[in-house]
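Each chain, letter by letter, is given below.
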Amino acid sequence: MFETLSDRLTSVFSSLRSKGRLSDADIDATCREIRIALLEADVALPVVKTFVAQVKERARGAEVSQALNPAQQVVKIVNDELIEILGGETRRLRYAKTPPTVIMLAGLQGAGKTTLAGKLARWLREQNHTPLLVAADLQRPNAVQQLSVVAERAGVAVYAPEPGNGVGDPIAVARQSIDHARRQQHDVVIIDTAGRLGIDQELMKQAADIRDAVTPDEVLFVVDAMIGQDAVSTAQAFMDGVGFDGVVLTKLDGDARGGAALSVRHITGKPIMFASTGEKLEDFDAFHPDRMASRILDMGDILTLIEQAQKTFDEEQAAKMAGKLTSGEGFTLEDFLEQMMMVRKMGPIKNLLGMMPGMGQMRDQINQVDDRDLDRIAAIIRSMTPGERQDPKIIKGSRRERIAKGSGVTVTEVNNLVVRFFEAQKMMKRMAGGMGIPGMPGGRK
Ligand code: GDP
């Protein structure tokens with residue numbers, strides 16, 4: 001997702017890098033390029049117009065900063081505007097004063113609602129809530145069963161009409177589920193509603209009726225980010241037909257151009273609250289506009305990475321990793337190994353590498369990464385002495401051969417690892433000192 005946009009923007013910025021100051025003509029040319037980049041990413045035209053106008057105005061207004069060079073200033077403005085267009089602040093879930101909090105999901109069939117219900121339930125359960133999943137999708141064959149499967153995987157309870165009991169009444173099911181939740185002390189109720197392949201009146205009416213019957217605290221509109229511009233028209237139709245409080249973007253792991261993510265907030269005025277990035281229940285998180293913006297600008301998603309690390313490891317370890325990642329200081333092969341092992345536990349390597357700063361340029365290599373490669377690299381590092389791990393420069397020819405033998409790889413692989421390590425170290429130093437990561441040690445403030 002966002003790859004083309006990310007590449008285009010990065011090349012716009014790199015052409016500015018050599019400039020001492022930006023003339024109006026430079027700014028116009030840059031804005032033209034940004035406009036093309038956004039349109040190619042399928043961002044809706046009104047959004048593109050607003051975005052570019054804002055960037056131009058601010059760049060011309062030259063909020064001259066001593067700390068930033070012209071290219072960095074433009075990156076900063078574009079970053080700020082991306083955050084703005086993505087919704088500014090992270091919008092958190094609103095819980096009802098008296099439980100249960102009722103969350104209703106609406107969207108087209110195939111948008112990923114049922115999967116999302118499971119993801120959200122799991123996410124809530126991790127935060128010590130006791131969610132109840134409600135199957136109010138009684139149209140699609142198997143929908144009830146699918147939700148039950150998802151619920152089981154998420155380790156949460158499900159409320160559904162008995163199978164084989166005829167068509168059933170989704171509105172009654174939704175209403176009864178609230179009483180059931182109260183009785184069983186579930187503090188959150190997630191209602192999965194029926195979708196259709198296209199927008200139709202009946203669908204809207206049913207969703208609106210369920211909404212009226214249960215008065216949800218949050219209606220979440222679930223939309224597949226891969227449907228491009230259609231996401232915007234679908235969102236509008238649901239806005240008019242049912243109304244919603246927040247948006248959930250699914251399939252952000254796909255290779256679509258990402259325009260939906262950048263348009264839907266501006267067009268509907270409703271915040272993107274969650275993002276889904278895969279078929280597994282854990283491929284899901286709250287949506288943070290600032291992190292998404294820095295991912296688009298290929299500044300890496302350091303914060304997400306650190307948070308995932310924190311979930312998997314203790315704070316001290318994560319803080320140490322964060323410090324080294326962002327400064328590049330004192331980063332040794334030992335850390336490289338330690339990090340790799342952390343990363344290995346955190347999930348598929350491709351997803352994680354994509355979050356690291358500067359990795360956008362290396363996308364092709366990343367896509368070829370195989371988790372087994374990591375094990376080979378780990379074996380190589382483990383065959384080194386502690387001294388060598390601290391300072392790989394001291395590893396001479398004969399030792400490389402020994403290490404290769406010891407780890408069952410070729411000398412070339414050992415050489416490659418050492419070279420790659422030096423490159424990574426250099427890149428981290430450059431990232432921390434040059435572009436900088438706001439608020440990070442050594443980064444811009
Ligand atoms: P529903 O009809 O809206 O309930 O949609 P489903 O939850 O049944 O999802 C439709 C398909 O999309 C399923 O095959 C899911 O596995 C898949 N899916 C859902 N969310 C994601 C996601 O974030 N990424 C990817 N790649 N697939 C997803």
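Small disclaimer: the values here were computed from a predicted structure and weren't measured. (Residues numbered from 1 in each chain as written. Predicted model: local features only at pLDDT ≥ 70, side-chain atom pairs only at ≥ 80, totals over all residues.)

Draft legend 1. Spatial organisation of the overall build of the chain. Looking only at helices and strands, the chain features 20 helices and eight strands. Here the chain, with 445 residues, has 41% of them falling under the buried criterion. Across the chain, the fraction of contacts at a sequence separation of at least 24, relative to all contacts at a separation of at least 6, is 74%. (Helix = DSSP H or I, 4+ residues; strand = E, 2+ residues; numbered from the N terminus. Buried ≥ 20, exposed ≤ 12 C-beta atoms within 10 Å, placed from the backbone. Contact = placed C-beta atoms within 7 Å.)

Draft legend 2. The arrangement of the packing of helix H2 (residues 24–40) against helix H3 (residues 45–60) in detail. Direction vectors running N to C along H2 and H3 enclose 155°, while the axes themselves pass 10 Å from each other. One way to sum up the angle between H2 and H3 is to call them roughly antiparallel. For the pair H2 and H3, the sense of crossing is right-handed. The segment H2 lies against H3, with Asp24, Ile27, Cys31, Ile34, Arg35, Leu38 and Leu39 engaging Val48, Phe51, Val52, Val55, Lys56, Ala59 and Arg60. (Axes fitted to C-alpha atoms, helices over the stretch in contact; angles between N-to-C directions. Parallel < 35°, antiparallel > 145°, perpendicular 65-115°, else oblique. Left-handed = near helix turned anticlockwise from the far one by under 90°.)

Draft legend 3. A look at unusual backbone geometry. Following proline 99, the chain continues to proline 100 via a peptide bond in cis, the omega torsion being 0°. By the secondary structure assignment, proline 100 is in the loop between helix H4 (70–85) and strand E1 (101–106). Non-glycine residue asparagine 128 carries a positive phi angle of around 65°. Structurally, asparagine 128 can be placed in the loop between helix H5 (113–126) and strand E2 (131–136). Under the C-beta neighbour-count criterion, asparagine 128 is labelled exposed, with 7 such atoms within 10 Å. Even without glycine at this site, threonine 215 takes up a positive phi of about 35°. Mapped onto the elements, threonine 215 comes out in the loop between helix H8 (201–214) and strand E5 (218–224). Classification of threonine 215 as exposed rests on a count of 11 C-beta atoms within 10 Å.

Draft legend 4. Structural context of the site of the ligand. Near the ligand, the surroundings consist of 18 residues, among which Gly112, Lys113, Thr114, Thr115 and Ser276 are the closest. For the shell around the ligand, a count of residues per class yields one nonpolar, 12 polar and five charged. (Near = placed C-beta within 6 Å. Nonpolar A, V, L, I, M, F, W, Y, C, P; charged D, E, K, R; others polar.)

Draft legend 5. Region of interest: helix H19 (residues 397–407). By the burial criterion, the buried members of H19 are Arg400, Ile403 and Ser407. Projection of H19 onto a plane perpendicular to its axis shows the buried side chains occupying an angular sector of 65°, all on one side. Exposed positions of H19 whose direction lies more than 90 degrees from the buried face are Gly397 and Ser398. (Arc of directions from axis to C-beta.)

Draft legend 6. Up close: the sheet that holds E2. Spatial ordering of the open sheet is given by E3-E2-E4-E1-E5-E6-E7-E8, a layout of eight strands whose pairing is mixed. Only two strands of the sheet have a single partner each, and these edge strands are strand E3 (157–159) and strand E8 (284–286). Mean inter-strand twist for the sheet, computed between neighbouring axes without regard to direction, equals 25°. Helix H6 (residues 143–154) contacts E2, E3 and strand E4 (188–193) of the sheet and is inclined by roughly 165° relative to E2. Packing against the sheet, H8 makes contact with E1, E2, E4 and E5, and its axis sits at approximately 180° to E1. (Pairing = 2+ DSSP bridges.)

Draft legend 7. Just the UniProt feature "domain: SRP54-type proteins GTP-binding" (unreviewed entry) in the chain, in detail. Here, UniProt's "domain: SRP54-type proteins GTP-binding" (unreviewed entry) annotation points to residues 271–284. Across residues 271–284, helical content stands at 0% and strand content at 43%; the span's end C-alpha atoms are separated by 16 Å. (UniProt positions renumbered as here; feature names shortened; annotations may be inferred.)

Draft legend 8. Inspection of the environment of alanine 225 at higher detail. With respect to the helices, strands and loops of the structure, alanine 225 is situated in the loop between E5 and helix H9 (230–241). For the pair alanine 225 and aspartate 253, spaced 28 residues apart in the sequence, the C-alpha separation amounts to 9.1 Å.

Draft legend 9. Structural view of the nonpolar core. With 101 residues, the main nonpolar core has Val134, Ile190, Ile191 and Val223 as its most contacted residues. Of the residues that make up this core, three or more belong to each of domain 1 (3–85) and domain 2 (101–296). What isoleucine 190 contacts, discounting residues up to four positions off in sequence, is Ile103, Leu105, Ala117, Leu120, Ala121, Pro131, Leu133 and Val134. With 10 residues, the next largest nonpolar core counts Ile380, Ile395, Val414 and Leu417 among its residues. (Core = buried A, V, L, I, M, F, W, Y, C linked by C-beta atoms within 7 Å. Domains from an automatic or database assignment.)

Draft legend 10. Layout of the pairing of E2. With six of its six residues buried, E2 lies for the most part within the structure. Burial along E2 is two-sided: Pro131, Leu133 and Ala135 facing one way and Leu132, Val134 and Ala136 facing the other are all buried. Two elements, E2 and E3, share three bridges in a ladder whose sense is parallel. Directly across from leucine 133, in E3, lies its bridge partner valine 158. Read as a crossover between parallel neighbours, the route from E2 over H6 to E3 is right-handed. (Right-handed = clockwise from strand over helix to strand, strands pointing away.)

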